[in-house]
Amino acid sequence: MTTIPGINELSACVILAEIGCDMGRFPTAGHLISWAGLCPKNDGSAGKWRSTRMRKSLPSRRRGERRGSRPPSSKCAWAAACKKASYLQAQFHRLRARRGAKKGIGAVAASILTAAYHMLKNGTLYQDLGPDHFDKRAQAKQVHRLIDRLRNLGVAVQITPVEAAA
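A few points on the structure.

Quick notes on the rules
- Residues numbered from 1 in each chain as written.
- Predicted model: local features only at pLDDT ≥ 70, side-chain atom pairs only at ≥ 80, totals over all residues.
- Heavy atoms only, no water.
- Core = buried A, V, L, I, M, F, W, Y, C linked by side-chain atoms within 4.5 Å.
- Buried < 20%, exposed > 50% of the residue type's maximum accessible area, 1.4 Å probe, protein only.
- Helix = DSSP H or I, 4+ residues; strand = E, 2+ residues; numbered from the N terminus.
- Contact = heavy atoms within 4.5 Å.
- Polar contact = N/O pair within 3.5 Å; in protein donor to acceptor, adjacent residues only side chain to side chain.
- Axes fitted to C-alpha atoms, helices over the stretch in contact; angles between N-to-C directions.
- Parallel < 35°, antiparallel > 145°, perpendicular 65-115°, else oblique.
- Left-handed = near helix turned anticlockwise from the far one by under 90°.
- Nonpolar A, V, L, I, M, F, W, Y, C, P; charged D, E, K, R; others polar.
- Phe/Tyr/Trp six-rings, centres within 6.5 Å; stacked < 30°, edge-to-face > 60°.
- Lys NZ or Arg CZ within 6 Å of the ring centre and 35° of its normal.
- Arc of directions from axis to C-beta.

### A few points about the nonpolar core
- Ile-4, Ile-7, Leu-88 and Ile-112 are the most contacted members of the largest nonpolar core, which totals 33 residues.
- Mapped by element, the contributors of at least two residues to this core are α1 (9–19), α2 (29–36), α3 (72–82), α4 (87–99) and α5 (101–122).
- Examining the composition of this core, we find that 10 residues originate from one element, α5, more than from any other.
- Once residues within four sequence positions are removed from consideration, Ile-4 is found in contact with Leu-88, Ile-112, Ala-115, Ala-116, Met-119 and Tyr-126.

### Regarding the side chain of Gln-91
- Tracing the backbone through its elements, the reader meets Gln-91 in helix α4.
- Among the residues examined, Gln-91 registers a relative accessible area of 9% and is labelled buried.
- Engagement of the side chain of Gln-91 in a polar contact is seen with the side chain of Ser-111, the distance being 3.0 Å.
- Those residues in contact with Gln-91, other than ones at most four positions away along the chain, are Ala-107, Val-108, Ser-111 and Phe-134.

### Thoughts on the packing of α2 against α5
- At their nearest, the axes of α2 and α5 sit 9 Å apart, and the two run at 130 degrees to each other. As judged from the angle between their axes, α2 and α5 are oblique. Handedness of the crossing formed by α2 with α5: right-handed. Contact residues: Ala-29, Leu-32, Ile-33 and Ala-36 in α2; Ala-110, Leu-113, Thr-114, Tyr-117 and His-118 in α5.
- Among the residues making up the contact of α2 with α5, the classes are represented as 7 nonpolar, 2 polar and no charged.

### Examining the packing of α3 against α4
- At their nearest, the axes of α3 and α4 sit 7 Å apart, and the two run at 95 degrees to each other. Of the possible angle classes, the one that applies to α3 and α4 is roughly perpendicular. In contact with Trp-78, Ala-80 and Ala-81 of α3, α4 contributes Leu-88, Gln-89, Phe-92 and His-93.
- Taken together, the residues of the contact of α3 with α4 sort by class into 5 nonpolar, 2 polar and no charged.

### Let's talk about the packing of aromatic side chains
- For the structure shown, the criterion picks out 3 aromatic pairs.
- Ring geometry for Tyr-87 versus Phe-134: centroids 5.3 Å apart, planes at 25 degrees, classification stacked. Of this pair, Tyr-87 sits in helix α4 while Phe-134 sits in helix α6 (residues 133–137), and the two are 47 residues apart along the sequence.
- Here Arg-25 stacks its cationic end above the ring of Trp-35, 5.7 Å away from the centre of that ring.
- The ring of Phe-134 carries the charged tip of Arg-94 above its face, separated from the ring centre by 4.5 Å.

### Some points on unusual backbone geometry
- Its identity as a non-glycine residue notwithstanding, Ala-85 has a phi of 55 degrees, on the positive side.
- Topologically, Ala-85 is positioned in the loop between α3 and α4.
- Ala-85 sits in the exposed class, given a relative accessible area of 57%.

### Some thoughts on α1
- Buried within α1 we find Ser-11, Ala-12, Ile-15, Glu-18 and Ile-19. Looking down the long axis of α1, one finds its buried residues gathered within 130 degrees of arc, a one-sided arrangement. Along α1, exposed side chains directed more than 90 degrees from the buried face belong to Glu-9, Leu-10, Cys-13 and Ala-17.
- In this fold, the buried residues of α1 make contact with α2, α3 and α5.
- Gly-20 sits one or two residues past α1 and shows a positive phi near 85 degrees.

Here's what the structure looks like:
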């Protein structure tokens, strides 16, 4: 687990102590994320939606000495967001721009737990997708978004692919 950006040996031990090594009790990674309190509540009734804030602590810590503390993966997420040229940093910056730093950290923490789940369940190693994963994934969509943004600023845009210009 120390191959995941933001997780050192102590953090890996704490995360393993909290979630355990047996992933059989969690059918999917989403169940683990929900158990850790990293997904927002879906609390609504009669057309009214209440708070969608995340829980403050893990179930095992609710009666413990450190009330209200975040899961260890949230603390590791801050370190992962500072790791240069990584997928987790790109994910944090992408979400921070739209939803804020706290939501971005929550998403990075959920990604860390998802990676840990698959590493423990399948015995695989962590493979970083890279900082340009989001750009590669939807390149055409990003080109159209940037063209529309330039047109809204009053700039005439003509697209010429790099292969045709050479």
